[in-house]
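The residues making up each chain are set out below.
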Amino acid sequence: MKILLLEDDLILNEIIEEFLQDLGYEVTAVYDGMKASEIIYDEQFDLLILDVNVPNMTGFEFLKSLRDSNITTPAIFITSLDSVDDIEEGFKSGADDYLKKPFELKELELRINNIKRLLHLEEDELEIGENITFNTKLNYINNDTIETKLPLKEAQILKYLLNNTNRCVSQDELSSNIWSYEAAPTSSTIRTYIKNIRKIIGEEYIETIKGVGYRFNKK
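Residues numbered from 1 in each chain as written. Predicted model: local features only at pLDDT ≥ 70, side-chain atom pairs only at ≥ 80, totals over all residues. Heavy atoms only, no water.

## Let's talk about the sheet that holds strand S1 (residues 2-6)
What counts is decided by this rule: Strands were regarded as paired on the criterion that DSSP finds at least two bridges between them. Numbering of helices and strands starts at the N terminus; helices are DSSP runs of H or I of at least 4 residues and strands are runs of E of at least 2. Interaxial angle, 0 to 180 degrees, is taken between N-to-C directions of lines fitted to C-alpha atoms, where a helix line uses only the stretch in contact.
Read from one edge to the other, the open sheet built from 5 strands follows the order S2-S1-S3-S4-S5, with strand pairing classed as parallel. Strands at the two margins of the open sheet, each flanked by one partner only, are strand S2 (26-30) and strand S5 (97-100). Neighbour to neighbour, the strand axes of the sheet diverge by 20 degrees on average, direction disregarded. Where S1 and strand S3 (residues 47-50) come together, 4 bridges link them in parallel fashion. Bridging across to S3, Leu4 finds its partner in Leu48.

Rendered as structure tokens:
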């Protein structure tokens, strides 16, 4: 699991980075909002841990810009801003959790584990339907004992739809989150990927919402 850490306190940044690495996470640590804004389009992250009062661009501004671009990578704010108004602004900007400083590192670990549980992050096997599972590490679909390996982009699309089960996902959102630092695919390209996935798991799981996008329907 790959984490982007934005924290301008050098000592705290190092402490959190080492703690997360000891837990087995891959961490990219930055110290200002502008650097975070640059790197987010060069690498794909599974989780964002963001301070708010950082140089050049606040954590609130950074996350809001991502959400405006349909990038839905889960995010936790870590900040000394603890008023109700601050917390409200944090969640309005798109946060999944809000952790007030000072905090125990163990609490940060618990918050991360909760987001992983809710969003099925890092699970090797995701259930698609009866007798159909998807191995997210090897990109294999097991459909009633028949194994099929998905190409990378199709695997990423399926995982993203599964992590957003029962929610409509637009083509723009798929493009922003999966092709975040590559040339955006055409609509026909995405339709082809969806068609290929349906051939393997069945037509009924991925619904086309005309003029909007796609929705994975949990059976």
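More follows now that the structure is in view.
## Quick look at unusual backbone geometry
The linkage connecting Lys101 with the following residue, Pro102, adopts the cis geometry, with an omega of -10 degrees. Residue position: Pro102 is located in the loop between S5 and helix H5 (105-119). A positive phi angle, close to 65 degrees, is found at Asn166, a residue other than glycine.

## What to know about the pairing of S5
Using the following cut-off: Place the viewer so that the strands point away; then a crossover is right-handed whenever the path from the first strand over the helix to the second strand goes clockwise.
In terms of strand pairing, strand S4 (residues 75-79) meets S5 through 4 bridges, oriented parallel. When the bridges of S5 are listed, Ile76 appears paired with Asp97. Each parallel crossover has a hand, and for S4 linked through helix H4 (residues 84-92) to S5 it is right-handed.

## Brief notes about the side chain of Ser37
This is how it is decided: Relative accessibility thresholds used throughout: buried, under 20% of the residue-type maximum; exposed, over 50%; partly exposed, between the two (1.4 Å probe, protein chains only). The contact rule is simple, with two residues in contact once any of their heavy atoms fall within 4.5 Å.
Its location among the elements puts Ser37 in helix H2 (residues 33-39). Ser37 sits in the buried class, given a relative accessible area of 18%. Excluding its chain neighbours within four sequence positions, the residues that come into contact with Ser37 are Met57 and Phe62.

## Quick notes on the packing of aromatic side chains
As a reminder of what qualifies: Centres within 6.5 Å are what make two rings of Phe, Tyr or Trp a pair, Trp counting through its six-membered ring; a difference in plane orientation under 30 degrees is then read as stacked, over 60 as edge-to-face, and the rest as tilted.
With the rule as written, the count across this model stands at 5 aromatic pairs. Plain terms: the ring middles of Phe77 and Tyr98 are 6.2 Å apart, the flat faces sit at 65 degrees to each other, and that makes the pair edge-to-face. Within this pair, whereas Phe77 is found in strand S4, its partner Tyr98 is found in strand S5, the two being separated by 21 residues in sequence. Pair check on accessibility: Phe77 and Tyr98 agree, each one buried.

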